[in-house]
Amino acid sequence: MKKIGRILYQEFVEGGDLAYWLFLGLGLLTQVVTYVLREGDALWLFSGICGVVSVLLCSRRKISYYVFGFIQVVTYIIISYQSKLYGQSVINLVYFVTMVIGCVNWARSYDDGVVETRNLPLWANTLLPIVTLLFTVGVAWILWKTSDQHPVMDALTTVPAFVAQILMVTRFREQWWYWIFVDVVAVCMWIMASNWCMAAQYLFWTANCVYGVVMWRGVKS
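Residues numbered from 1 in each chain as written. Predicted model: local features only at pLDDT ≥ 70, side-chain atom pairs only at ≥ 80, totals over all residues. Heavy atoms only, no water.

**Describing the overall build of the chain**
Helices and strands together make up the secondary structure of the chain, namely nine helices and two strands. Counting helices and strands in the order they occur from the N terminus, the chain gives α-α-α-α-α-β-β-α-α-α-α. Rg of the C-alpha trace for the chain: 17 Å, near the compact-globule value of 17 Å for 221 residues, within the 12% margin. Structurally, the chain occupies a C-alpha span of about 50 × 45 × 25 Å along its principal axes. Per-residue burial over the chain gives 48% buried out of 221 residues. Sequence separation of 24 or more characterises 73% of the internal contacts of the chain that already satisfy a separation of 6 or more. (Helix = DSSP H or I, 4+ residues; strand = E, 2+ residues; numbered from the N terminus. Rg over C-alpha atoms; globule rule 2.2 N^0.38 Å. Buried < 20%, exposed > 50% of the residue type's maximum accessible area, 1.4 Å probe, protein only. Contact = heavy atoms within 4.5 Å.)

Right, dumping it as structure tokens:
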């Protein structure tokens, strides 16, 4: 038990700066206040809290991110399906699989309590946004044929999110710019779906992405 306690202390507390504690407190407070004011489903609150903790741990390059990440993904799949956002449901099923791979990959590159990061080569940085855009258009057209409530926004948060997820599990710093785009669009999407807990979660995630850019920048691989 002492060993487990030491590991938890190292992952959640040790090395936490002021920005970390402010983001954590703000994220949790936002979820609770939104839940109380909007009288949302308890599952939204639970998923939101797990989401807050997981992304903060990810931005700090902590492998314990995956513990809360798995919980958040499963609950988010249920919420998205109930809201008829099928693209979000599918992409989070993909997340679950990639996170298993990512957990193994991060474990192999985990040194002194943080995961090592790296940069994409120039050619990939140039080509990837173009490919992402083409696939986004294709997915939007497919979702338009279904009963999806917001096919364009759903596509805009699905394809770039898949790209960001792959970059995350393979430890590339460029993931954060894709996440910023996805999170901003997702805030609008969940407001349109009248799910304020999820909108608040994505608003917090947008701010956390900026924190992630700083935390992952300039770290030698």
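**Overview of a nonpolar patch on the surface**
A contiguous nonpolar surface patch, about 670 Å² in accessible area, is contributed by Trp 123, Leu 127, Ile 130, Val 131, Leu 134 and Phe 135. Along the chain, Leu 127 turns up in helix 6 (residues 122-144). (Patch = residues over 30% accessible without salt bridge, like charges linked within 9 Å, V, L, I, M, F, W, Y side chains within 5 Å. Areas by Shrake-Rupley, 256 points an atom, 1.4 Å probe, with all protein chains shown as cover. Salt bridge = Lys/Arg side-chain N within 4 Å of Asp/Glu carboxyl O.)

**Focus on the packing of helix 5 (residues 86-108) against helix 7 (residues 151-169)**
Interhelical geometry of helix 5 versus helix 7 gives an angle of 5 degrees and a closest axis separation of 9 Å. Overall, the two elements helix 5 and helix 7 adopt an arrangement that is roughly parallel. Two secondary-structure elements touch here, helix 5 through Tyr 86, Gly 87, Gln 88, Ile 91, Val 94, Tyr 95, Thr 98, Met 99, Gly 102, Asn 105 and Trp 106 and helix 7 through Asp 154, Thr 157, Thr 158, Ala 161, Phe 162, Gln 165, Ile 166, Met 168 and Val 169. Across the contact of helix 5 with helix 7, the residue classes break down as 11 nonpolar, eight polar and one charged. (Axes fitted to C-alpha atoms, helices over the stretch in contact; angles between N-to-C directions. Parallel < 35°, antiparallel > 145°, perpendicular 65-115°, else oblique. Nonpolar A, V, L, I, M, F, W, Y, C, P; charged D, E, K, R; others polar.)

**Let's talk about the side chain of Ser 47**
Counting through the fold element by element, Ser 47 comes out in helix 3 (residues 42-59). A relative accessible area of 0% places Ser 47 in the buried class. One polar contact links Ser 47 to Thr 75, side chain to side chain, over a distance of 2.9 Å. Among all residues touching Ser 47, those that are not within four sequence positions of it are Gln 72, Thr 75, Tyr 76, Ile 79, Met 198 and Gln 201. (Polar contact = N/O pair within 3.5 Å; in protein donor to acceptor, adjacent residues only side chain to side chain.)

**With respect to the packing of helix 4 (residues 65-82) against helix 5**
Closest axis-to-axis distance for the helix 4/helix 5 pair is 8 Å, and the angle between their directions is 165 degrees. Considering their axes alone, helix 4 and helix 5 lie roughly antiparallel with respect to each other. With respect to the hand of their crossing, helix 4 and helix 5 are arranged in left-handed fashion. Contact residues: Tyr 65, Tyr 66, Gly 69, Phe 70, Val 73, Val 74, Tyr 76, Ile 77, Ser 80 and Tyr 81 in helix 4; Tyr 86, Gln 88, Ser 89, Asn 92, Leu 93, Tyr 95, Phe 96, Met 99, Val 100, Gly 102, Cys 103 and Trp 106 in helix 5. For the contact of helix 4 with helix 5, the class distribution of residues is 16 nonpolar, six polar and no charged. (Left-handed = near helix turned anticlockwise from the far one by under 90°.)

**Some details on the confidence of the model for the chain**
Per-residue confidence for the chain averages 85 on the pLDDT scale, and 94% of its residues sit at or above 70. Looking over the chain, one finds the lowest element-wise mean pLDDT in helix 1 (residues 2-12), namely 68, and the highest in helix 6, namely 92. (pLDDT = per-residue confidence, 0-100.)

**Notes on the nonpolar core**
Judged by nonpolar contacts, the single largest core of 48 residues is most densely connected at Leu 56, Met 168, Trp 179 and Trp 190. Beyond its immediate stretch of four places on either side in the chain, Trp 190 contacts Tyr 76, Ile 79, Ser 80, Ser 83, Leu 85, Asn 195, Met 198, Ala 199 and Tyr 202. (Core = buried A, V, L, I, M, F, W, Y, C linked by side-chain atoms within 4.5 Å.)

**As for the environment of Cys 103**
In this fold, Cys 103 is placed in helix 5. A relative accessible area of 27% places Cys 103 in the partly exposed class. C-alpha of Cys 103 to C-alpha of Val 36: the two residues are 67 residues apart in sequence and 34 Å apart in space. The contact partners of Cys 103, leaving out residues within four places of it in the chain, are Ile 63 and Tyr 66.

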